[in-house]
Amino acid sequence: MSTPEANTQAKGPPTSETDKKLLHWAQSLHTEGLGRRRHWEGMWWENLAVYMGDFWVEWDIHKRRLYEPVKRPDHRVRVPINLAQPAVRTELAKLMKNRPIMDVLARSSDQSDLNSAKVGDKLLNNYAEREFHMPRVRRRMLTWALTCGLAGILVDWDDTKLGQIDVLVDDTGNPIFDPRAIELYKQTLENQGRKATYKQIPNGEIIVKEVSPFEILWDFSVNFIDDAWWCIYSTVFDVEEVYRRWGVVVNADTNALPGIIEQRLMGRFDLTGKLATRPTHVQRMAIIHQMWIKPGHTKFPNGMCLVFNKDTILRKTEFPYSHGKLPVYMMGHVPFPISQWPLSILTGLKGPVLELSKTESQMLENRNLMANPPWLIPKQLQVTKEIQNKPGMRIEYNFMPNVPKPEPITMPEMPKYVSDLIQILKDHILEISGQGETSQGKVPPGARSGVAIAYLQEEDDTRIGVTVQEFEELSENVAYAMLRLMAEKYTTPRTVAIYKNHSDIEIIDFQGSMLAGAASVVVQAGSALPRSKAAKQQYILDLWDRKIEQDPRKVRQMLELSEGDPDEWEVDLDQAERENHILQAGDDPGVKEWYNHPAHHYVHRNFMKSADFIELPQGIQQLFEEHDQEHTYYEEQQAMNASQMQGGGQGQPSQNGSTPVQPGANGQQVPEGPPAAFSGMSPANIIGAQPQ
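Residues numbered from 1 in each chain as written. Predicted model: local features only at pLDDT ≥ 70, side-chain atom pairs only at ≥ 80, totals over all residues. Heavy atoms only, no water.

Enquirer: What is the right way to look at the overall build of the chain in this model?
Expert: Counting its regular elements, the chain contains 17 helices and 20 strands. Contacts in the chain between residues far apart in sequence, at least 24 positions, make up 71% of those at least 6 positions apart. For the chain, the computed accessible surface area is about 37,600 Å², with 52% contributed by carbon and sulfur atoms. (Helix = DSSP H or I, 4+ residues; strand = E, 2+ residues; numbered from the N terminus. Contact = heavy atoms within 4.5 Å. Areas by Shrake-Rupley, 256 points an atom, 1.4 Å probe, with all protein chains shown as cover.)

The structure is reproduced here in structure tokens:
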């Protein structure tokens with residue numbers, strides 16, 4: 001594809017009357033939407049200023065910029081005591097502490113549908129988290145939500161994101177993706193003396209991006225975007241990126257600035273000049289609007305996706321998503337049901353934080369004044385020089401009888417209520433932000449046990465419960481949209497890597513058809529709520545002490561002590577997993593006497609109980625049973641040798657270091673048995689010690 005430099009002529013306005021009316025209608029909706037949210041933009045800018053520590057500015061709704069109502073004289077002190085930013089960062093840390101846990105539901109109990117749901121779980125909870133940088137997207141989105149009150153995530157599809165690939169096609173023009181079918185077809189063509197035909201097809205990818213409130217507008221007739229018929233998402237693109245994605249050359253916008261759309265709104269944002277911006281000359285950027293209309297609209301029964309800018313229409317297609325939902329999913333912070341725009345705690349924190357900064361600043365001014373007070377100097381003494389308090393300074397004056405000498409004025413002390421006001425304002429700030437002593441890592445008086453502290457922490461986090469619910473609902477919608485796009489758009493096979501702790505990477509040759517049996521996605525309610533790790537560990541140890549859970553391997557996993565190097569038991573489990581794959585391929589990896597046979601029994605028999613095992617050919621099933629029986633044989637031999645050694649007065653462990661396990665009926669061992677490294681270990685030492 002050529003570059004925009006080869007096509008310097010930008011696309012002009014539409015020529016047909018239908019497209020002219022459509023462009024005018026879309027631009028009118030955008031213009032009216034900007035006017036309707038103008039007041040809220042002022043609140044957002046003030047909140048951003050508070051977040052930065054600039055409390056003395058206000059929004060001018062007419063000039064659409066921040067300004068300072070009262071200029072600061074040179075002698076005045078302005079110290080920003082920014083307790084608003086820690087409040088936002090603390091709440092952000094709470095919301096990001098636990099990732100929402102997503103479960104993919106199958107359409108039915110058929111094994112094929114269950115397998116689709118299993119693949120969907122791996123894709124969403126592992127592959128997508130890394131491939132689309134979901135923690136970073138959630139972190140940026142939540143920062144917008146906490147500062148401005150509203151934010152969202154866009155889940156879109158870019159047809160040409162990964163370029164084009166060459167695909168082998170058959171005589172009818174249909175592409176062939178199966179590697180075995182490709183080899184057979186090539187062999188057939190070679191026998192016939194023909195050459196293979198390839199076709200270039202675009203290789204697209206999912207776009208997952210945070211959405212700020214400055215970038216989104218939706219149906220004016222509803223307050224919630226879930227009920228809206230249409231929405232307009234506006235963002236800044238590089239001109240070359242516009243050409244790559246939509247194949248249209250557009251004119252650059254001189255006021256384009258990523259994130260906040262228009263550069264002129266930054267004119268007085270930061271009075272210190274830290275965020276001063278300049279128009280870009282080398283990199284040419286343009287503001288692009290994407291408008292989606294859901295199917296079923298009276299004027300657009302099939303829905304529509306319209307991409308336009310200030311000059312022309314870049315693309316016009318029917319609604320591209322089968323799920324029928326708008327691709328932008330929003331969440332609010334503080335609910336405000338009578339408006340499209342929720343509130344932020346920064347709106348309520350601005351006043352107390354400003355007064356706290358004023359009080360602290362006045363106390364500093366009083367300190368400076370007491371250190372360098374004004375002087376009383378009679379005019380008769382003719383002291384013309386300015387007095388500056390310096391060490392060793394001399395003041396010369398004409399002595400006159402009965403005329404008092406120069407002396408500094410004794411400044412009164414600040415009233416006690418002024419200093420008391422500081423703590424009162426801090427208490428108000430903590431109360432408004434909903435963060436008590438436990439959120440700051442302080443133990444309230446009278447709280448001694450870990451259970452009591454965990455209970456207080458849970459109560460302290462109750463206020464963000466509504467925000468957590470909004471976050472979980474957004475995560476559920478985003479996950480479902482991503483799953484549907486993978487099922488519909490991943491038409492070419494893709495290599496997907498699933499990473500596991502202490503295990504080999506699972507490689508899947510994934511294609512969208514593998515998700516045909518996945519019905520929906522649900523987020524476990526409350527999974528995103530912050531939880532105390534210390535309280536969780538104490539709870540698990542209580543289960544051990546009361547003998548409710550006695551498997552040290554599971555306890556270590558629940559205590560999150562296996563995040564470093566794998567222990568011996570995990571290595572044995574991974575080895576057994578690899579043997580499962582080899583056995584499914586029809587080969588027997590063999591059994592050695594020194595293997596950890598209980599670990600292999602645990603993995604092999606778990607798989608032999610599954611529905612996947614039943615679908616395997618009889619020969620493969622027989623191979624599994626023979627392999628498992630071989631483990632049983634060596635295990636019985638180890639038990640007999642250990643019994644003989646104990647009878648001779650020498651208690652020695654088996655060669656693999658594990659405690660001999662006595663076989664049950666038909667050689668059935670207990671696969672859940674703990675590894676030898678934990679045998680006889682004190683429960684109280686599980687957290688602080690390595691296996692002995």
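Having seen the structure, we can now continue with the description.
Enquirer: Got a minute to help me understand the packing of helix α2 (residues 38-52) against helix α5 (residues 134-148) in this structure?
Expert: When two helices pack together, their arrangement is captured by the angle between the axes and the distance separating the axes. Across the interface, α2 lies against α5 with an axial gap of 9 Å and an inter-helix angle of 105°. Accordingly, the angle class assigned to the pair α2 and α5 is roughly perpendicular. From α2, Trp 44, Asn 47, Leu 48 and Tyr 51 reach across to α5, where they touch Trp 144, Thr 147 and Cys 148. (Axes fitted to C-alpha atoms, helices over the stretch in contact; angles between N-to-C directions. Parallel < 35°, antiparallel > 145°, perpendicular 65-115°, else oblique.)

Enquirer: Please clarify how the packing of aromatic side chains should be interpreted in this entry.
Expert: Evaluation of the coordinates by the stated rule reveals 20 aromatic pairs. An angle of 50° between the planes, with centres 5.1 Å apart, marks the rings of Trp 45 and Phe 214 as tilted. Remark: Phe 214 occurs in the loop between β7 (205-211) and β8 (216-218) and Trp 45 occurs in helix α2; sequence separation between them is 169 residues. The two residues Trp 45 and Phe 214 agree in class, both being buried. Look at Tyr 490 and Phe 510: their rings are 6.0 Å apart centre to centre, the planes differ by 80°, and that puts the pair in the edge-to-face class. Of this pair, Tyr 490 sits in the loop between α11 (465-489) and β18 (494-498) while Phe 510 sits in strand β19 (residues 506-510), and the two are 20 residues apart along the sequence. (Phe/Tyr/Trp six-rings, centres within 6.5 Å; stacked < 30°, edge-to-face > 60°. Buried < 20%, exposed > 50% of the residue type's maximum accessible area, 1.4 Å probe, protein only.)

Enquirer: Can you walk me through helix α8 (residues 345-371) in this structure?
Expert: Side chains of residues three or four places apart in an α-helix project in the same direction, reflecting 3.6 residues per turn. With 27 residues, α8 should reach 39 Å at 1.5 Å per residue; the first-to-last C-alpha distance of 39 Å fits that figure. Residue Gly 351 marks the point of greatest curvature in α8, where the axis turns by about 30°; the proline Pro 352 follows within four residues. (Expected span 1.5 Å × (residues − 1). Bend = angle between axes of the 7 residues up to and from the residue.)

Enquirer: Would you mind showing me how to read the sheet that holds strand β12 (residues 285-293) here?
Expert: Within a beta sheet, neighbouring strands are joined by backbone hydrogen bonds and run either parallel or antiparallel to one another. A sheet is described by the order of its strands in space; here five strands give the open sequence β8-β9-β12-β13-β14, paired in antiparallel fashion. Across the chains shown, the open sheet's two edge strands, defined by having one partner strand only, are β8 and β14 (313-317). Going from strand to strand, the sheet's axes swing by 15° on average, the running direction of each strand aside. Strands in contact with helix α1 (residues 17-36) are β8, β9 (230-238), β12, β13 (304-308) and β14; relative to β13, the strand with the most contacts, it is inclined by about 80°. (Pairing = 2+ DSSP bridges.)

Enquirer: Please explain empty space enclosed by the protein as it appears in this structure.
Expert: Any empty space left between atoms is shown by rolling a water-sized probe over those atoms. In this structure the tally under the stated criterion is three cavities of 30 Å³ or more. If you add up the space inside the largest cavity, you get close to 80 Å³. What lines the largest cavity is simply Met 102, Leu 124, Ala 128, Glu 129, Met 134, Arg 138, Ile 153, Leu 474, Ser 475, Val 478, Ala 479 and Met 482. The set of elements that each furnish at least two residues to the lining of the largest cavity consists of α4 (111-131), α5 and α11. For the lining of the largest cavity, the element with the most residues is α11, which contributes five residues. In terms of residue class, the lining of the largest cavity is made up of nine nonpolar, one polar and two charged. (1 Å grid on protein atoms, 1.4 Å probe; cavity = no way out; pocket = protein on both sides within 12 Å on 5 of 7 lines; lining within 4 Å. Points joined across faces, edges and corners; volume = space filled by probe spheres on them. Nonpolar A, V, L, I, M, F, W, Y, C, P; charged D, E, K, R; others polar.)

Enquirer: Can you help me understand the pattern of salt bridges in this one?
Expert: Within the structure shown, the criterion is met by 20 salt bridges. With a shortest N-O distance of 3.9 Å, Glu 17 and Lys 20 are connected by a salt bridge. With a gap of three residues between them, Glu 17 and Lys 20 both fall in helix α1, about one helical turn apart. Among the salt bridges present, the one from Lys 350 reaches Glu 46, with a minimum N-O distance of 3.5 Å. Here Lys 350, found in helix α8, pairs with Glu 46, found in helix α2; they are 304 residues apart in sequence, far enough to count as distant. Glu 46 shares its class with Lys 350; the two are buried. Through salt bridges with shared partners, a single network forms among Asp 156, Asp 158, Glu 241, Arg 244 and Arg 245. (Salt bridge = Lys/Arg side-chain N within 4 Å of Asp/Glu carboxyl O.)

Enquirer: Mind showing me how you'd approach a negative patch on the surface here?
Expert: A surface patch of like charges, here negative, comprises Asp 587, Asp 588, Glu 625 and Glu 626. Relative to the helices and strands, Asp 587 resides in the loop between α14 (568-584) and α15 (597-608). Its relative accessible area of 47% is what places Asp 587 among the partly exposed residues. (Patch = residues over 30% accessible without salt bridge, like charges linked within 9 Å, V, L, I, M, F, W, Y side chains within 5 Å. Lys, Arg positive; Asp, Glu negative; His and termini not counted. Charge placed at Lys NZ, Arg CZ, Asp CG, Glu CD.)

Enquirer: Before we go on, may I ask you to explain the pairing of β19 in this structure?
Expert: Within a regular strand, the side chains alternate between the two sheet faces. Only one face of β19 is covered, namely the one carrying Glu 506, Ile 508 and Phe 510; the face carrying Ile 507 and Asp 509 has none of its residues buried. Here β18 runs beside β19; their pairing, made up of five bridges, is antiparallel. Bridge assignment links Ala 497 to a residue of β19, and that residue is Ile 507.

Enquirer: Sorry if this is basic, but what is going on with the state of the cysteines here?
Expert: In a disulfide, the sulfur atoms of two cysteines are held together by a covalent bond. Scanning all chains against the criterion turns up zero disulfides. The structure places no disulfide on Cys 231, whose sulfur is separated from the nearest cysteine sulfur, that of Cys 305, by 9.5 Å. (Disulfide = S-S within 2.5 Å.)

Enquirer: Help me understand the layout of surface pockets, please; the structure alone is not making it clear to me.
Expert: Considering only enclosed or pocket space, the second largest pocket measures out at about 600 Å³ in volume. Of all elements in the fold, only α5, β4 (150-158), β7, β9 and α7 (239-246) reach the threshold of two or more residues within the lining of the second largest pocket. The element that contributes the greatest number of residues to the lining of the second largest pocket is β7, accounting for six residues. Partitioned by chemical class, the residues of the lining of the second largest pocket number twelve nonpolar, five polar and twelve charged.

Enquirer: I tried to follow a nonpolar patch on the surface on my own but got confused; where do I start?
Expert: On the surface, a nonpolar cluster with roughly 290 Å² of combined accessible area is contributed by Tyr 499, Ile 505 and Ile 507. Relative to the assigned elements, Tyr 499 resides in the loop between β18 and β19.

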